[in-house]
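So the chains spell out like this:
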Amino acid sequence: MKVDASCRYTETHEWVRVEGNEATAGITDHAQEQLSDIVYVELPEVGETFAKGDAFAVVESVKAASDCYMPIGGEIIEVNEELGESPELVNKDPYGAGWFIRFKVSDASELEDLMDAAAYEEFVAKEEAEGGH
Amino acid sequence: MSYIPHTEADRAAMLAEIGVETIADLFLDVPEAVRFPELRLPEPLSEMEILRELREMSERNTDLDHYACFLGAGAYNHFIPSTVSHVTGRAEFYTAYTPYQPEISQGTLQSIYEYQTMVCQLTGMEVANASHYDGATSLAEAALMAVSISRGRRKKIVISPLVHPEYRQTLRTYIRGTELMVTGDEDLTRELDDLKAMLDENTACLIIQNPNFLGQLEDVNGLADAVHEAGALFVVAVDPISLALFKPPGEYGADIVVGEGQSLGNQLNFGGPYLGIFACREKYVRRMPGRLVGATVDTEGRRGFVLTLTPREQHIRREKATSNICTNEALCALAAGAYLVTMGKHGLRKVAELCYHKAHYAAQHIAEIPGFELVGDRPFFKEFVVRCPKAPAEINRRLLERKIIGGYELGRAYSHLADCMLFCVTEMNTKEEIDHLVGALREIGGG
């Protein structure tokens, strides 16, 4: 499992990278591994606003379709159109070319609840030890 | 002979496990007066005797082998070639439930795939699902799909009053308890222009039926543009037989096409089981309810068929699934497929032409009877509205005495058409039958 030190992480396996008052988000390397081959990502529309924890996208693999939840609240300013043609980018490069959304951060203080890379690694290890998925 | 596998010892063990002494104790919560009512059943009969009794009962039914039928209104008496029952009766298909596992079900899956393909060709759409329970279910599912495509933001469903009244009722049952609203048909005289004016940024879809419930072809020119300008979807309910003769909804901008598929090779069956046709544009396929069969290749490159896009369904997506329906009407869909294959493009067109010409012959002659009048000036397919000089129920009662099943009494669903009947004529009605109907109406109307 790879992690990216520049990101913060949720317990539902999304990452977020904040730069100024804008942020980029996607799903973690661990999440894409668990989902296996991703065949479709349903993304929100530019201009939509979501609160922290709202479902903003659906990621569909050959075995499941799962919701993705906003790591922190914000207004969508861009979605990754590339994923329409090439959903496999999520499998190949989850923290880079496989990003989902860019959004304007509503409240940066919400970041404080999220894990850093080391804490997330520990969280995943613990989840797996408990037989989670 | 007992078919129940439990022994007395099994029962005693189960009762002891849950701490109850007798099976009767399990029913103690039911009030005593109704717990074990005396049923006063007759003595048991032998198989031979019971068959005789049931046959006598069934012969009291009015059936289409002995009556001329001019009743349609959503259920249609069309010819069914014998190839259809030959195919549907094969043991490989004739199961109580549909096996979907590709390893053992290539025949079933291929038949569904071919059915889907033909529904696409008929409707002019890009994808069709494996079917729903009936036309009403398909229509309600289409409305929910339109809402879901708007990501739940649009909550208004505009529907024409000339969509089948029972479909509209089913739609209202579907949305009960939700935030959705069905509108458009509160005033039963509303026309398409009135409905157009009701479209707004909260509208998920406009639903029309074409030909409409009164058998008339709607003027759909520019309608799809108006719907799409409002950001809504255009849903059309069809009679599939009509599509062999008239422009399919795919050609006039429909986003979702639904319909009752009973008329394709399925018996009237006293009202069911029927077949819900459902097709849509490919860009909406992931929001499409129901099962979908796709073609693929196996590890050796051979063509095969599998259920596809199943992660949309409720066994995986639970409450977020595209629909609560995780099955299809496989045997009826198989009958529709066998029917369409047997008829072919030209055969189906001939059926539609016969319906059209015979209906127009009947309408013309009924309109010539003093007191009877054709209602509406729109072109029609195989059904038409007639204003009657006497109460439609009375006319129907007297037609039945003459072994004729008359038209649908429109007052049952349209109060402003209480003195009108909706007659249906298909290829099954001979010229003699139509002349017999006209003669009977002349007698009944006059005296």
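Residues numbered from 1 in each chain as written. Chains lettered and ligands numbered in written order. Predicted model: local features only at pLDDT ≥ 70, side-chain atom pairs only at ≥ 80, totals over all residues.

(A) Region of interest: the overall build of chain A. Scanning chain A from terminus to terminus reveals 4 helices and 9 strands. Shown N-terminal to C-terminal, the secondary structure of chain A runs as helices and strands in the order β-β-β-α-β-β-β-β-β-α-α-β-α. Against the globule reference of 14 Å for 133 residues, chain A gives a C-alpha radius of gyration of 14 Å, in line with a compact fold. When the backbone C-alpha atoms are referred to their principal axes, chain A occupies close to 40 × 35 × 20 Å. Looking at chain A as a whole, 39% of its 133 residues are labelled buried. Put simply, of all contacts in chain A between residues at least 6 apart along the chain, 64% involve residues at least 24 apart. (Helix = DSSP H or I, 4+ residues; strand = E, 2+ residues; numbered from the N terminus. Rg over C-alpha atoms; globule rule 2.2 N^0.38 Å. Buried ≥ 20, exposed ≤ 12 C-beta atoms within 10 Å, placed from the backbone. Contact = placed C-beta atoms within 7 Å.)

(B) The overall build of chain B, seen in detail. Broken down by element type, chain B carries 13 helices and 15 strands. Taking all 447 residues of chain B together, the buried fraction comes to 42%. Intrachain contacts of chain B at a sequence separation of at least 6 include 73% that bridge at least 24 residues.

(C) Just the environment of B:Leu195, in detail. Residues and elements named next belong to chain B. Position of Leu195 among the secondary structure elements: in helix 8 (residues 192-196). Residue classification places Leu195 among the buried positions, given that 24 C-beta atoms sit within 10 Å. Once the C-alpha coordinates of Leu195 and Asp25 are considered, the two residues, 170 residues apart in sequence, prove to be 60 Å apart. When near neighbours in sequence (up to four residues on either side) are disregarded, Leu195 contacts Val158, Ser160, Gly184, Arg190 and Leu206.

(D) Representation of the sheet that holds strand 4 (residues 38-42) of chain A in the model. Residue and element names in this part refer to chain A. Strand order across the open sheet formed by 3 strands is 4-6-7, with antiparallel pairing between neighbours. Unpaired on one side and paired on the other, strand 4 and strand 7 (65-69) mark the two borders of the sheet. Across this sheet, the average inter-strand angle for adjacent strands is 25 degrees, counted without regard to direction. As defined by bridge partners, strand 4 adjoins strand 6 (residues 55-61) across 4 bridges and the pair is classed as antiparallel. Counted as the bridge partner of Tyr40 is Glu60 from strand 6. (Pairing = 2+ DSSP bridges. Axes fitted to C-alpha atoms, helices over the stretch in contact; angles between N-to-C directions.)

(E) Main features of the sheet that holds strand 15 (residues 420-424) of chain B. Residues and elements named next belong to chain B. Taken in spatial order, the 4 strands make up an open sheet running 11-12-15-14, and their pairing is antiparallel. For this open sheet the edge positions go to strand 11 (373-375) and strand 14 (408-409), each flanked by a neighbour on one side alone. By the bridge criterion, 2 bridges tie strand 14 to strand 15 in an arrangement that is antiparallel. Considered in strand 15, the bridge of Glu409 is made with Met421. Across the sheet, helix 11 (residues 330-367) touches strand 11, strand 12 (383-387) and strand 15, and the angle it forms with strand 12 is around 5 degrees.

(F) Highlighting the interface of chain B and chain A. Contact residues are listed per partner, giving 5 residues for chain B and 5 residues for chain A. Taken together, the residues that form the side of chain B that touches chain A break down as 2 nonpolar, no polar and 3 charged. (Nonpolar A, V, L, I, M, F, W, Y, C, P; charged D, E, K, R; others polar.)

(G) Representation of the domain arrangement of chain B within the structure. Residues and elements named next belong to chain B. Here chain B is partitioned into domain 1 (68-79 + 345-446) and domain 2 (82-339). The interface is formed by 25 residues belonging to domain 1 together with 20 residues belonging to domain 2. Sorting the residues of the side of domain 1 that touches domain 2 by element identifies helix 11 and strand 12 as the ones contributing at least two each. The element contributing the most residues to the side of domain 1 that touches domain 2 is helix 11, with 7 residues. (Domains from an automatic or database assignment.)

(H) Looking closely at the pairing of strand 15 of chain B. All names here are of chain B. Counting buried positions along strand 15 gives 5 out of 5 residues, so the element sits mostly inside the fold. Two elements, strand 12 and strand 15, share 5 bridges in a ladder whose sense is antiparallel. Paired with Val385 across the strands is Leu422, a residue of strand 15.

(I) Main features of the packing of helix 11 of chain B against helix 13 (residues 431-446) of chain B. Residues and elements named next belong to chain B. Two elements in contact, helix 11 and helix 13, have axes whose closest approach is 10 Å; the angle formed by their N-to-C orientations is 20 degrees. With respect to each other, helix 11 and helix 13 are oriented roughly parallel. Of the two possible hands of crossing, helix 11 and helix 13 adopt the one that is right-handed. Taken together, the residues of helix 13 that come into contact with helix 11 (itself represented by Lys358, Tyr361, Ala362, His365 and Ile366) are Ile434, Leu437, Val438 and Leu441. Classifying every residue of the contact of helix 11 with helix 13 gives 7 nonpolar, 1 polar and 1 charged. (Parallel < 35°, antiparallel > 145°, perpendicular 65-115°, else oblique. Left-handed = near helix turned anticlockwise from the far one by under 90°.)

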